[in-house]
2 protein chains.
Amino acid sequence: MAHRVVIYGGSGNLGRSLITLFNKNNWEVTSIGTRPNEEAAHNIVVSNKEESLEVQGKKVIQNSNSILNGEKYDAILCVAGGFCMGDLAKEDFLETADSMIKKILNPSLIASKLSTVNLKEGGFLMLTGVADLQSTPGFIGYGIAKAAVHHLFNSIASKNGGLPKNTKVMAIQPATIDTPDNRKGMPDADFSQWIPLDLLTRRIFEYTNGTLSVPQGKMVKITTKNGETSFVEL
Amino acid sequence: MAHRVVIYGGSGNLGRSLITLFNKNNWEVTSIGTRPNEEAAHNIVVSNKEESLEVQGKKVIQNSNSILNGEKYDAILCVAGGFCMGDLAKEDFLETADSMIKKILNPSLIASKLSTVNLKEGGFLMLTGVADLQSTPGFIGYGIAKAAVHHLFNSIASKNGGLPKNTKVMAIQPATIDTPDNRKGMPDADFSQWIPLDLLTRRIFEYTNGTLSVPQGKMVKITTKNGETSFVEL
């Protein structure tokens, strides 16, 4: 019997990489995102332009009910994200803030909610924050969305947060990941300070399949220095 | 020449109280909120149901341009808010999260943006956070929205956050305020541990009119213990 995983953000760089690895290991993958992932067994496609948080939430739950047909997920991994510069003076400040909330916070909210409906008892929920979040004057929308995700995680990981009994829950806090999109966006950066995508993908897979034990209720800060990647439980 | 102030959240308990006091002192008040405030000289009414963050932002800026007719505001005070219980398991979790973002975070974003367009040089911008914000498993939507406001404040109060030069900026972090709505919602609470509404209103007025100097770039935690209210700069 195949294990079932949701990759929320399955059309992003990290999401695509995860789906390839889970597929290779015969997991049945449902990808959720604003674009379909052709490798995934199932796709749920949402629209940030046309669908509110609530409408997306209902769609995700209904479609996953149909896909599961009475079964449950072993794991729900939210790796949806995005990045956008923007200080307060920028003409489109509100537009970028809105876009970051939709790309970063809303998927985390829906993935968390989905876990109360369609995650197996003892299943695994993972969210994605960011390393070393402090004030972000130059990219405010991004920062507020990540701050909200950190708060969401700390709240659902608390007693009485509403997660199903025995859920394994953690968040990763990665620094910059070495993805094709990031290389395109920052071609002059020192890539040896970025987290190798394959290494991060494998790590998440190992938390999911039980090779690594999940640091229950914790965020794990992930940084790379001169090609060496470290994982620190916070 | 009258001083001009925006009260964002002018139909809430604190907003109404502020508008009464500013009016008494001959300030020209523009109220922004989901309902009009009949005492205010000017009203800009937005709809959380029908208008997105962007649409509300454009409306607020356009309407305030018309009201000001070339003048500028002396102060923009955002005291919009709301409260809603809701852990992850609650049926309408996503709905309440969405509502808290719209009532708490979006007004703070728009008020901040408005200050880059229509605040006088050396004018005053104030946002409203909350005291002692930690994980909020029982009211997650409220918590994530306030966490985002704190992050927004820290970012715009930083160098290069995009505020106009010489803007005075601070945030209040009040604990529970002794308002009619809160007494109705929590009739059995010990009101001597709540912040007296009149006292808080006067304090905000004094920051605004210069009687008290603004703690530049700081949040001020406000709590009341046995009838004694303290203001602590963080």
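Use the structure listed above.
Position numbers for residues count from 1 along each chain, tracking the sequence in the order it is written. Chains and ligands are labelled sequentially in the order written, the chains with letters from A and the ligands with numbers from 1. Under the rules for a predicted model, residues below a pLDDT of 70 receive no local features and side-chain atom pairs below 80 are neither given nor counted, while totals for whole chains, interfaces and linings still include all residues.

*Asks:* Give a detailed account of the overall build of chain A, specifying residues and quantitative values.
*Replies:* When helices and strands are tallied, chain A shows six helices and 10 strands. In this description the radius of gyration comes from C-alpha coordinates, and the expected globular size is given by 2.2 Å times residues to the power 0.38. On C-alpha atoms alone, chain A measures out to a radius of gyration of 17 Å, which is about the 17 Å that the 2.2 N^0.38 rule sets for 234 residues. For chain A, the spread of C-alpha atoms along the three principal axes comes to 50 × 40 × 40 Å. For chain A, long-range pairs separated by at least 24 residues make up 65% of all intrachain contacts whose partners lie at least 6 apart in sequence. A run of H or I in DSSP counts as a helix once it spans at least four residues, and a run of E counts as a strand once it spans at least two, with each numbered from the N terminus. A pair of residues counts as a contact when their C-beta atoms, built from backbone coordinates, are within 7 Å of each other.

*Asks:* Which residues make up unusual backbone geometry, and what values go with them?
*Replies:* Leaving glycine out, the prevailing phi sign among residues is negative, and the prevailing peptide bond configuration is trans. Residues and elements named next belong to chain A. Even without glycine at this site, Asn26 takes up a positive phi of about 65°. Examined against the element boundaries, Asn26 turns out to sit in the loop between α1 (13–24) and β2 (28–33). With C-beta atoms placed from the backbone, the exposure class of a residue follows from how many other C-beta atoms lie within 10 Å of its own: 20 or more, buried; 12 or fewer, exposed; in between, partly exposed. You can call Asn26 exposed: it has 8 C-beta atoms within 10 Å. Of note, Asn166 is a non-glycine position whose phi angle comes to about 70°, a positive value. For Asn166, the location among the structural elements is in the loop between α4 (140–156) and β6 (168–174).

*Asks:* Quick rundown of the nonpolar core? Include the residues and the values.
*Replies:* With 131 residues, the main nonpolar core has A:Ile76, A:Leu77, A:Met126, B:Ile76 and B:Leu77 as its most contacted residues. If we skip the residues at most four places from it in the chain, A:Ile76 touches A:Val6, A:Tyr8, A:Ala111, A:Leu114, A:Ser115, A:Leu119 and A:Leu125. The nonpolar core criterion groups buried Ala, Val, Leu, Ile, Met, Phe, Trp, Tyr and Cys residues into a set whenever they are joined through C-beta atoms within 7 Å.

*Asks:* Account for the interface of chain A and chain B, naming residues and giving values.
*Replies:* Of the residues lining the interface, 38 residues belong to chain A; the matching set on chain B comes to 38 residues. Contributing elements (two or more residues each) for the side of chain A that touches chain B: α2 (53–68), α3 (93–118) and α4 of chain A.

*Asks:* Could you give an account of the relation of the copies chain A and chain B, naming the residues involved and the relevant values?
*Replies:* Least-squares fitting of one copy onto the other uses the C-alpha atoms of those residues that reach a pLDDT of at least 70 in both copies. When chain A is fitted to chain B, the residual RMSD is 0.0 Å, and the transformation amounts to a turn of 180° plus an axial shift of 0.0 Å. On this basis, the relationship between the two copies can be described by a two-fold rotation axis. Distance from the rotation axis, computed per C-alpha, reaches its smallest value in chain A at A:Ala148: 2.7 Å. When the interface residues of chain A are mapped onto chain B, 100% of them again fall at the interface, so both copies present the same face.

*Asks:* I'd love a proper account of the environment of A:Asn166, names of residues and values included.
*Replies:* All names here are of chain A. Residue classification places Asn166 among the exposed positions, given that 9 C-beta atoms sit within 10 Å. Measuring from C-alpha to C-alpha, the distance between Asn166 and Asp74 comes to 12 Å, with 92 residues separating the pair along the chain. Ignoring anything within four residues of it in the chain, the contact list for Asn166 reads Glu121 and Gly122.

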